[in-house]
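The chain contents come next:
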Amino acid sequence: MKKILHCALLLLFISCSQNKKNTLTVFHAGSLSYPVKELKSNFLVQHPHDQILTENVGSLECIRKITDLQKPCDLFLSADYRVIEDRLIPQFASWNLIFATNEIVVAYNPQSKYANEIKEDNWWEILARPDVEIGRSDPGMDPCGYHTVIVTKLADEQFAQKVLSRSEKNIRAKEVDLLTMLESHALDYLFIYKSVAQQHRLPYITLPKEINLGYPEYDYSYKTAYAVIAGKKPGTTDTIYGEPIYYSLTIPTHAQNPVLAQQFVDFITSEKGQYIITQKAKLTAIKPFFSEKSKNKK
């Protein structure tokens, strides 16, 4: 009887072990919510015995979770490659793979004030009006926040001072909060990534190439403006100069499931993954390349 019971328990243990899913924990920027969801669902078709847990907050907040709070993370996707470059390498990661670009636009809804007037040749005049509510994300938590500061300064310093000071009350940590405010008419206009505006089918104004941070050929122009954010250590600050927007990813050094993470990276950078990023998620996919600080390339 004891032998039969022992065999039954052994079979149960084997069965449970076989059914246990391999789990991948992914941190990612809020603007990557839609592409990560699409990539995840397609990847799991090929990996039915695995599961992916995702967490999306601002890229800088993701960094804090990895470095300060030491939360488990197998893969991190950032809205600015410099976040990984400056705050993870070399202590928490050894490489940084750049895979997509984006640009900043001004999104609104059909009920926004002056929605029937705003155009690509007068958007700054509309946004400068005192009765217009403008939203933006927190520069200390989200690259879109400091990208917005840089874009407005590139447009005009006086315009930037006016718009940035008036929009302080509408700063939010999460992109989804700003989108909800826009949809509920608490905001009239929102500085946001072009891909997110397209994903949510929002009308938007395309900004000039010289200021929208979406074109590498204007790198020299972008570098003339900057934003100041909190530094890695308490009481310090970092100066972020304008650069073209580059999305990147890495597998943290202390990843608990680096093999599955690498398989997901391979899928993201595959032809199918790049198709999802470009056609479904509306980012601009580029041929992946490693950053300069990537010493131990995967």
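It should be noted that the structure appears before, not after, this text.
Every chain is numbered independently, its residues counted from 1 as its sequence is written. Since the coordinates come from a predicted model, pLDDT governs what is reported: local features require at least 70, and pairs of side-chain atoms require 80 or more to be given and counted, while whole-chain, interface and lining totals use all residues. Only hydrogens and water are removed before side-chain values are computed, so all heavy atoms of the structure are retained for them.

Draft legend 1. Region of interest: the state of the cysteines. By definition, disulfides here are pairs of cysteine sulfur atoms that lie within 2.5 Å. Taken as a whole, this structure holds 0 disulfides when the rule is applied. There is no disulfide at cysteine 62, and the cysteine sulfur nearest it, in cysteine 73, is 7.4 Å away. Residue class for cysteine 62 comes out buried when judged on its relative accessible area of 0%. Whether a residue is buried, partly exposed or exposed follows from its accessible area with a 1.4 Å probe, protein chains only, as a fraction of its type maximum: under 20%, in between, or over 50%, in that order. Relative accessible area serves as the criterion here: at 5%, cysteine 73 is assigned to the buried category.

Draft legend 2. Representation of the pairing of strand β12 (residues 246-250) within the structure. Most of β12 sits out of view: 5 of its 5 residues are buried. Numbering goes from the N terminus for both helices and strands, where a helix is a DSSP run of H or I of at least four residues and a strand is a run of E of at least two. Side-chain alternation along β12 places Tyr246, Ser248 and Thr250 on one buried face and Tyr247 and Leu249 on a second face that is also buried. Pairing between strand β4 (residues 97-101) and β12: 4 bridges, direction antiparallel. In the strand pairing of β12, alanine 100 is matched with tyrosine 247. For two strands to be treated as a pair, DSSP must find at least two bridges joining them.

Draft legend 3. Spotlight on the pattern of salt bridges. For salt bridges, the criterion is a side-chain nitrogen of Lys or Arg within 4 Å of an Asp or Glu carboxyl oxygen. Here the structure, examined in full by the defined rule, presents 12 salt bridges. For lysine 280, the salt bridge is made with glutamate 38, and the minimal N-O distance between the two is 3.7 Å. Within this pair, whereas lysine 280 is found in helix α12 (residues 271-280), its partner glutamate 38 is found in helix α2 (residues 33-46), the two being separated by 242 residues in sequence. Looking at lysine 280, the relative accessible area reads 37%, which means it is partly exposed. The closest approach of N and O atoms between glutamate 55 and lysine 65, which form a salt bridge, is 3.1 Å. Of this pair, glutamate 55 sits in strand β2 (residues 50-56) while lysine 65 sits in helix α3 (residues 59-67), and the two are 10 residues apart along the sequence. Ionic contacts of the salt-bridge type, sharing partners, join the residues Asp80, Arg82 and Glu243 into one network.

Draft legend 4. How the structure looks around the environment of glutamate 38. A residue is classified by how much of its surface remains accessible, and glutamate 38, at 16% relative accessible area, is buried. Through-space distance from the C-alpha of glutamate 38 to that of isoleucine 276 is 7.1 Å; in sequence the pair is 238 residues apart. Ignoring any residue separated from it by four or fewer positions in sequence, one finds glutamate 38 in contact with Ile276 and Lys280. Note on contacts: a residue pair is in contact if any heavy atoms of the two residues lie within 4.5 Å.

Draft legend 5. Summary view of the sheet that holds strand β8 (residues 189-193). With respect to topology, 5 strands assemble into an open sheet ordered β7-β6-β8-β5-β9, the strand pairing being mixed. With partners counted over all chains shown, the strands left at the sheet margins are β7 (171-172) and β9 (204-206), one partner each. Looking at chain direction, strand β5 (residues 104-108) and β9 are connected through 3 bridges and run antiparallel. Bridging across to β9, valine 106 finds its partner in isoleucine 205. Helix axes are fitted to C-alpha atoms over the stretch in contact, other axes to C-alpha atoms as well, and angles between N-to-C directions run from 0 to 180 degrees. Its contacts with the sheet place helix α8 (residues 175-183) against β5, β6 (134-137), β7 and β8, and it is angled at close to 145 degrees to β8.

Draft legend 6. Representation of the pairing of strand β10 (residues 226-230) within the structure. In this structure, β10 lies alongside strand β11 (residues 237-241), joined through 5 bridges in antiparallel fashion. Bridge pairing in β11 links isoleucine 229 to aspartate 238. Taking the residues that link successive antiparallel strands as the turn, the β10-β11 hairpin has 6 residues, and the phi of glycine 235 there is positive, at about 85 degrees.

Draft legend 7. Structural detail: the environment of threonine 284. Within the secondary structure layout, threonine 284 lies in strand β13 (residues 284-290). Placed 89 residues apart in sequence, threonine 284 and serine 195 show a C-alpha to C-alpha distance of 8.5 Å. Setting aside chain neighbours within four positions, we find threonine 284 in contact with Ala100 and Thr101.

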